[in-house]
Amino acid sequence: MHKLSHILRLGWAYKFSRDCTLGYPPYQFTIEPTNICNLKCTFCPQSDPEHAAKRPRGALSIPDFSLFLRRVAEVRPGNRNLNLTLDGEPFCNRYFLQFIEMAISAGYFPIFAANATLLDHESAERLIAAGPFRVSIDFASNREIFGSIRGLSGHFNLVHDNLLYLMEQSRHIPGIHLDVHDIAPFTGVEPRESLAKMRSMFPAKLPGHIRFFSRKFHNFCGHLALEGRGDSYRRCPYPWTQLAVTYSGDCVACCRDTSGRTVLGNVFEQPLMSVWNGPKYREFRQNLIHRRPDLNAACAACDLPYSSDSRWKIPYMLRSLLGR
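How each quantity is defined
Residues numbered from 1 in each chain as written. Predicted model: local features only at pLDDT ≥ 70, side-chain atom pairs only at ≥ 80, totals over all residues. Heavy atoms only, no water. Axes fitted to C-alpha atoms, helices over the stretch in contact; angles between N-to-C directions. Helix = DSSP H or I, 4+ residues; strand = E, 2+ residues; numbered from the N terminus. Parallel < 35°, antiparallel > 145°, perpendicular 65-115°, else oblique. Left-handed = near helix turned anticlockwise from the far one by under 90°. Contact = heavy atoms within 4.5 Å. Nonpolar A, V, L, I, M, F, W, Y, C, P; charged D, E, K, R; others polar. Buried < 20%, exposed > 50% of the residue type's maximum accessible area, 1.4 Å probe, protein only. Salt bridge = Lys/Arg side-chain N within 4 Å of Asp/Glu carboxyl O.

Novice: Can you walk me through the packing of helix α5 (residues 121–130) against helix α7 (residues 155–170) in this structure?
Specialist: Any two packed helices are characterised by the angle at which their axes cross and by the distance between the axes. For the pair α5 and α7, interaxial distance at closest approach is 10 Å and the crossing angle is 30 degrees. Relative to α7, α5 is oriented roughly parallel. Judged by the sense of rotation from one axis to the other, the crossing of α5 with α7 is right-handed. Each of His121, Ala124, Glu125 and Ile128 in α5 lies in contact with α7, whose residues at this interface are Asp161, Asn162, Tyr165, Leu166, Gln169 and Ser170. Looking at the contact of α5 with α7 residue by residue, the class counts come to 4 nonpolar, 4 polar and 2 charged.

Novice: What exactly am I supposed to notice about helix α4 (residues 96–105) here?
Specialist: Residues spaced three or four apart along an α-helix point in a common direction, a consequence of the helix completing one turn every 3.6 residues. In terms of burial, α4 is a largely internal element, 7 of the 10 residues being buried. Regarding α4, the residues found buried are Phe96, Leu97, Phe99, Ile100, Met102, Ala103 and Ile104. Against α3 (62–75), β2 (81–83), β3 (109–114) and α5 lie the buried residues of α4. Phi turns positive one or two residues past the end of α4, at Gly107, with a value near 95 degrees.

Novice: Help me understand the pattern of salt bridges, please; the structure alone is not making it clear to me.
Specialist: It is possible for side chains bearing opposite charge to pair when their charged atoms get close. By the definition in use, this model includes 10 salt bridges. Arg171 serves as the salt-bridge partner of Glu168, at 3.1 Å between the closest nitrogen and oxygen. You can call Glu168 partly exposed: its relative accessible area is 36%. The residue Asp303 makes a salt bridge to Arg256 at a minimum N-O spacing of 2.7 Å. Residue Asp303 is found in the loop between α11 (279–289) and α12 (314–322), and its partner Arg256 is found in the loop between β8 (250–252) and β9 (263–266); the two are separated by 47 residues along the sequence. Each of the two residues, Asp303 as well as Arg256, counts as buried.

Below, the structure written as structure tokens:
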């Protein structure tokens, strides 16, 4: 399927026809390497003492990842990007670098988030040798703030060193994209000043494929009690655009549903389109169309439908779809 035609079809189904049975495959694919993490960041569900009890700990295997790649290839999506992040730290799976290599060999562009504590020099070199990818890494403008959010001290220098090495090794390779996010604003510091301070910790002249941002936080389907929730309801686009898969093959509500509150099928057991248009997915979409997100376990406390930022504007949506 051509990328533009895929976007047009999903746009029509989501915005105008409000279809619950979709005549196109998912546009965005996410698969989880593991739900195990070596950190317990305060803004993440991993910091919840009960989080591990909500879904068994485990990791994606090479045979199951191969099966997933075949499932995606069968439906021929217009988008070749593949997100390898859901819950957990991907480098906690010993096969993660092999997953990246397999995805690139199959013609996909891997996108993932990592905390960079395990992204040492050897791993960075293997990643760069594999080919193009995009990685998002959290850092901070302040050592004490970083330590308080991460829950562990001593990682500030480690992450800074790993980031510097990845930047230097990839700065002349345009296909390797590095997004560094400042998480200090989670503690209430002024975002622009904090971002400028964090940016000053790295080389002044860097290419455009190395970028710096201030992290915008969401509530992970209710994990965080964030202020500023609006009253206007906007229908979530994820069930019309994205398939999020856990390491065990379960299709969950979206990339925010790290606890697996809503399971809609299993792509290791069923063809992908059978899940995408199955009765659970159709009911899931119908509840959102009827403005009843509370009927979906993963949506009941989510802040996304009531947010009022730029994500609901057409330019943002187009950038998001075309950039993924």
